[in-house]
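Chain and residue survey
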Amino acid sequence: MMNECKMPIRRAFTRRRHSYAAHDYPQRRIATHLAQRLVTVSDMPEGWIIDAGCGIGRDLPLLAQRFGHERLLAVDFSPEALALMPASEVTRLSADLELLPLADAICAGYWSNCAWQWTRPQSVLAQAWRVLKAGGWLWASIVLAGTFPELDRAVRTVGVTSALARLPAETEWEHALGTHSWYACHWEIRHFTFYYPDAETLLHAIRGVGANPTTHSGSPVWTPGRRRALLDALERERTEEGLGLSYRVGFLAACKKGG
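Residues numbered from 1 in each chain as written. Predicted model: local features only at pLDDT ≥ 70, side-chain atom pairs only at ≥ 80, totals over all residues. Heavy atoms only, no water.

**Description of the overall build of the chain**
Across its full length, the chain holds 10 helices and seven strands. Considering only contacts in the chain between residues 6 or more positions apart, those separated by 24 or more positions represent 79%. On the chain, roughly 11,700 Å² of surface is accessible, and the fraction owed to carbon and sulfur atoms is 53%. (Helix = DSSP H or I, 4+ residues; strand = E, 2+ residues; numbered from the N terminus. Contact = heavy atoms within 4.5 Å. Areas by Shrake-Rupley, 256 points an atom, 1.4 Å probe, with all protein chains shown as cover.)

**Concerning the side chain of Ser 78**
Counting through the fold element by element, Ser 78 comes out in the loop between strand S2 (72-76) and helix H5 (79-82). There is a polar contact of 3.1 Å between the side chain of Ser 78 and the backbone nitrogen of Ala 81. (Polar contact = N/O pair within 3.5 Å; in protein donor to acceptor, adjacent residues only side chain to side chain.)

**Points about helix H8 (residues 170-177)**
Buried residues of H8: Glu 170, Trp 173, Ala 176 and Leu 177, and no others. Take H8 and look down its axis: the buried residues cluster within an arc of 125 degrees, on one side only. Along H8, exposed side chains directed more than 90 degrees from the buried face belong to Thr 171 and His 175. (Buried < 20%, exposed > 50% of the residue type's maximum accessible area, 1.4 Å probe, protein only. Arc of directions from axis to C-beta.)

**Here we look at the packing of helix H7 (residues 149-157) against helix H10 (residues 224-235)**
Two quantities define a packed helix pair, namely the angle between the axes and the distance from one axis to the other. Closest axis-to-axis distance for the H7/H10 pair is 8 Å, and the angle between their directions is 135 degrees. The orientation of H7 with respect to H10, classified from their angle, is oblique. By crossing handedness, the relation of H7 to H10 is classed as right-handed. Counted together, Glu 150, Leu 151, Ala 154, Val 155 and Thr 157 of H7 and Leu 230, Ala 233 and Leu 234 of H10 form the full contact between these two elements. Of the residues in the contact of H7 with H10, the class split is six nonpolar, one polar and one charged. (Axes fitted to C-alpha atoms, helices over the stretch in contact; angles between N-to-C directions. Parallel < 35°, antiparallel > 145°, perpendicular 65-115°, else oblique. Left-handed = near helix turned anticlockwise from the far one by under 90°. Nonpolar A, V, L, I, M, F, W, Y, C, P; charged D, E, K, R; others polar.)

**What to know about the sheet that holds strand S4 (residues 107-113)**
What the seven strands build is an open sheet, ordered S3-S2-S1-S4-S5-S7-S6; its pairing is mixed. What marks the edges here is a single partner per strand, and that holds for strand S3 (91-94) and strand S6 (182-196). Taking each pair of neighbouring strands and ignoring which way they run, the sheet shows an average axis angle of 15 degrees. Bridge count for S2 against S3 is four bridges, and the pairing is parallel. Within S3, the residue paired with Leu 73 across the bridge is Thr 91. Across the sheet, H8 is in contact with strand S5 (132-143), S6 and strand S7 (243-256); its angle to S6 comes to roughly 160 degrees. (Pairing = 2+ DSSP bridges.)

**Here's the deal with the packing of aromatic side chains**
Counted by the stated rule, this structure contains nine aromatic pairs. Ring plane angle 35 degrees and centroid distance 5.9 Å describe the contact between Phe 67 and Trp 139, whose orientation is recorded as tilted. Here the residue Phe 67 occupies a position in helix H4 (residues 60-67), and Trp 139 occupies one in strand S5, the gap between them amounting to 72 residues. On the basis of relative accessible area, Phe 67 is assigned to the buried category, the value being 8%. Judged by relative accessible area, Trp 139 falls into the buried class, the value being 0%. Here Trp 116 and Trp 173 contribute two aromatic rings whose centre-to-centre distance is 5.6 Å and whose plane-to-plane angle is 15 degrees, an arrangement assigned as stacked. Within this pair, whereas Trp 116 is found in the loop between S4 and helix H6 (121-131), its partner Trp 173 is found in helix H8, the two being separated by 57 residues in sequence. With relative accessibility at 2%, the residue Trp 173 sits in the buried group. (Phe/Tyr/Trp six-rings, centres within 6.5 Å; stacked < 30°, edge-to-face > 60°.)

**Observations regarding H10**
With 12 residues, H10 extends 17 Å from end C-alpha to end C-alpha; this agrees with the ideal 16 Å at 1.5 Å per step. Residues Leu 230, Leu 231, Ala 233 and Leu 234 constitute the buried set of H10. Viewed along the axis of H10, the buried residues span an arc of 165 degrees, placing them on a single side of the element. Exposed residues pointing more than 90 degrees away from the buried face of H10 are listed as Pro 224 and Gly 225. (Expected span 1.5 Å × (residues − 1).)

**A word on the confidence of the model for the chain**
Looking at the chain as a whole, its pLDDT mean stands at 84, while 82% of the residues score no less than 70. Highest mean pLDDT in the chain belongs to strand S1 (residues 48-52) (97); lowest belongs to helix H1 (residues 7-15) (55). In this model, residues 214-219 is a region of pLDDT below 50 whose contacts with residues beyond four sequence positions or in other chains number 10 contacts. (pLDDT = per-residue confidence, 0-100.)

Here is the structure:
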């Protein structure tokens, strides 16, 4: 079952599932930083380790190294993406992260890398809390509002209100996080900038991971005239390193308290 508002997002990610691995270097860098929190955990209950919003399973080798394949539960809202996962021994589940069809307190760990930004903070955190056991750990990286400022400036130059779907701000996540009790909770915000040789490559990198630029109404930005103007506007953002694309990312590591 899935929130109907997410269907366009699901279709975009499903269409790009074959190209995702060629363009997800930013997500790999972010996952590496999130994984630093795994090594600090020494005591966990038994149970599933869920990869929430796993896509084609790029983080599964990292999680298997720490927990073993047999404990992993790969969850994504695109069954087509799940079908591309190479690890056949990992259990798979197609589901909306805000409507998880799982029993209460069934997971020892909950990992989500660059997937929660497509959800509502209160709802997805409530589901994570519900499925975690007491003493279970939550690790999440969340792309925040303020991401892609270079693209935002460029699309405004060509008269489009917004380039991407709205991303929740850190205050929304902090408020949602505060509605639950945790033994330990670490929350930090980091900035990452990745550089591309030209505007076409930059836009292709965004589309390659399913994050298609759209207006608020959902209509494509790429009309012929606007597309040329957008490429020119992005080129004016060039620095010595190339054309930058910047991410604001929240990193969360928290341990659930018992009832």
